[in-house]
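So the chains spell out like this:
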Amino acid sequence: MVVCGPGTGDDLEEYLEKVEDLVKETGATIPVIFVLNENTDELKRRLMSFGLSEEWILMPQPGQTVRASELLKAIKKAEEETESDPPVFEDSTPKNELDGTQEKNNQVICVSSSKRGCGCDTMATSLAAHAAEAGLKVAYIDLGEPPCASFHFGVPEPAFVQAPAVYETKWGILVVPGDDVESIFEDVVSKHDVTIVSSPNRLIQLEGSKSVVVLDRDIQIVEITSAQIMNMDPPIIFVNRSSENGRPDAACIFGQKGYEVITADTDTNGCIRALADCKPALTRSPQVAQAVGKLASALRILG
């Protein structure tokens, strides 16, 4: 759990009362990370008096943000001090159906979005993990600016990943190509059963690839995406319904236009816990695992 505050002008005592109630309700048995914008020793002492570990309290200097790597390290440390639930994802396909029978034809899947925050990285990395768990040889090309798949794949010091770079992970190789995409693309694809190209900042479609467009309920993004995909071969539309910004029924909008639409109510807590473990979201979220299963089936990843 991550709690931010108090903001400028907020009632500090009221805020601390709410925090104390939260700690009492949970018994301080789950990780609680406090990201504060008031760097005072008194505030920190008050929070520690509730029974919180000092490592669980992050207090950046005014005007600064907490680096993602620092936050993940703090969450990881907190997780290690408590008992965590086991991963929820297990490959449900019988192994004898995977041994040499699934289609291995150097598939390329583009997963993209018009903007950050729709869940593109979450779904793309989980899709890669799903394929890897099924026994396929997977490559993941991260075109994000900045590249964030490293946070999901357990890459050491993920906040410091710089292109060009290649990492071996439990779920296949992670390629951060920077501007040098064309020179490595064919080589990567030829050596892997499935290559997932993730572009969370802009929509892309490569020749011969299957495409997934990820969006949330933001009405402006729905409208922008509708205009942009008119020049694409019809992609699969994945609607992350956990965000209610604007509240349009994006699934209905695209469904009426004849697109194949998959929806999911992904849970934020499960995704945060997966990030704390530096693992794809489907390992901690039944909702994400279910959604990825639908997506993999629609893409015919296993033939």
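Residues numbered from 1 in each chain as written. Predicted model: local features only at pLDDT ≥ 70, side-chain atom pairs only at ≥ 80, totals over all residues. Heavy atoms only, no water.

### Quick notes on the overall build of the protein chain
Along its length, the protein chain carries 10 helices and 11 strands. With 303 residues in all, the protein chain has 48% of them scored as buried. The long-range share in the protein chain, meaning contacts at least 24 apart out of those at least 6 apart in sequence, stands at 71%. A total accessible area of about 15,100 Å² is found for the protein chain, and carbon and sulfur atoms account for 47% of it. (Helix = DSSP H or I, 4+ residues; strand = E, 2+ residues; numbered from the N terminus. Buried < 20%, exposed > 50% of the residue type's maximum accessible area, 1.4 Å probe, protein only. Contact = heavy atoms within 4.5 Å. Areas by Shrake-Rupley, 256 points an atom, 1.4 Å probe, with all protein chains shown as cover.)

### What to know about the nonpolar core
One finds Ile 109, Val 111, Leu 127, Ile 196, Val 212 and Ile 301 to be the most contacted residues of the largest nonpolar core, which totals 42 residues. No other element matches helix α4 (residues 120–133), which puts eight residues into this core. (Core = buried A, V, L, I, M, F, W, Y, C linked by side-chain atoms within 4.5 Å.)

### Examining the packing of α4 against helix α10 (residues 286–299)
Packing of α4 against α10 brings their axes to within 9 Å, and their N-to-C directions diverge by 70°. Between α4 and α10, the crossing angle belongs to the class labelled roughly perpendicular. On the side of α4, the interface is formed by Met 123, Ser 126, Leu 127 and His 130, while α10 contributes Val 288, Ala 291, Val 292, Gly 293, Leu 295, Ala 296 and Leu 299. Residue composition of the contact of α4 with α10, grouped by class: eight nonpolar, three polar and no charged. (Axes fitted to C-alpha atoms, helices over the stretch in contact; angles between N-to-C directions. Parallel < 35°, antiparallel > 145°, perpendicular 65-115°, else oblique. Nonpolar A, V, L, I, M, F, W, Y, C, P; charged D, E, K, R; others polar.)

### Notes on unusual backbone geometry
Put simply, Glu 145 and Pro 146 share a cis peptide bond, and its omega is 0°. The omega torsion of the bond from Ala 163 to Pro 164 falls at -5°, within 30 degrees of zero and hence cis. With respect to the helices, strands and loops of the structure, Pro 164 is situated in the loop between α5 (149–152) and β6 (165–169). With a phi close to 50°, Glu 157 is a non-glycine residue in the positive phi region. Take Glu 157: it is sitting in the loop between α5 and β6. In this model, Arg 300 sits at a positive phi of 55°, which is unusual for a non-glycine residue.

### What to know about the sheet that holds strand β5 (residues 138–142)
The strands making up a sheet associate through hydrogen bonds between their backbones, and the pairing can be parallel or antiparallel. With mixed pairing, the eight strands of this open sheet are ordered in space as β6-β7-β5-β8-β4-β9-β10-β11. At either margin of the open sheet sits one strand with a lone partner, and together these are β6 and β11 (261–264). Within this sheet the neighbouring strands show an average axis-to-axis angle of 20°, counted without direction. Of the strand pairs in this sheet, strand β4 (residues 107–112) and strand β8 (residues 194–199) are connected by six bridges, and their pairing is parallel. From the neighbouring strand, Cys 110 faces β8, where its bridge partner is Val 197. (Pairing = 2+ DSSP bridges.)

### Digging into α10
Relative to the 20 Å expected for 14 residues at 1.5 Å per residue, α10 spans 20 Å between its end C-alpha atoms, a close match to the ideal helical length. Buried residues along α10 sit in contact with β4, α4, β9 (210–215), β10 (236–240), β11 and α9 (268–276). One or two residues past the end of α10 sits Arg 300, with phi positive at roughly 55°. (Expected span 1.5 Å × (residues − 1).)

### A short note on a negative patch on the surface
Together, Asp 11, Glu 17, Asp 21 and Glu 25 line one region of the surface with negative charge. Structurally, the position occupied by Glu 17 is in helix α1 (residues 12–26). (Patch = residues over 30% accessible without salt bridge, like charges linked within 9 Å, V, L, I, M, F, W, Y side chains within 5 Å. Salt bridge = Lys/Arg side-chain N within 4 Å of Asp/Glu carboxyl O. Lys, Arg positive; Asp, Glu negative; His and termini not counted. Charge placed at Lys NZ, Arg CZ, Asp CG, Glu CD.)

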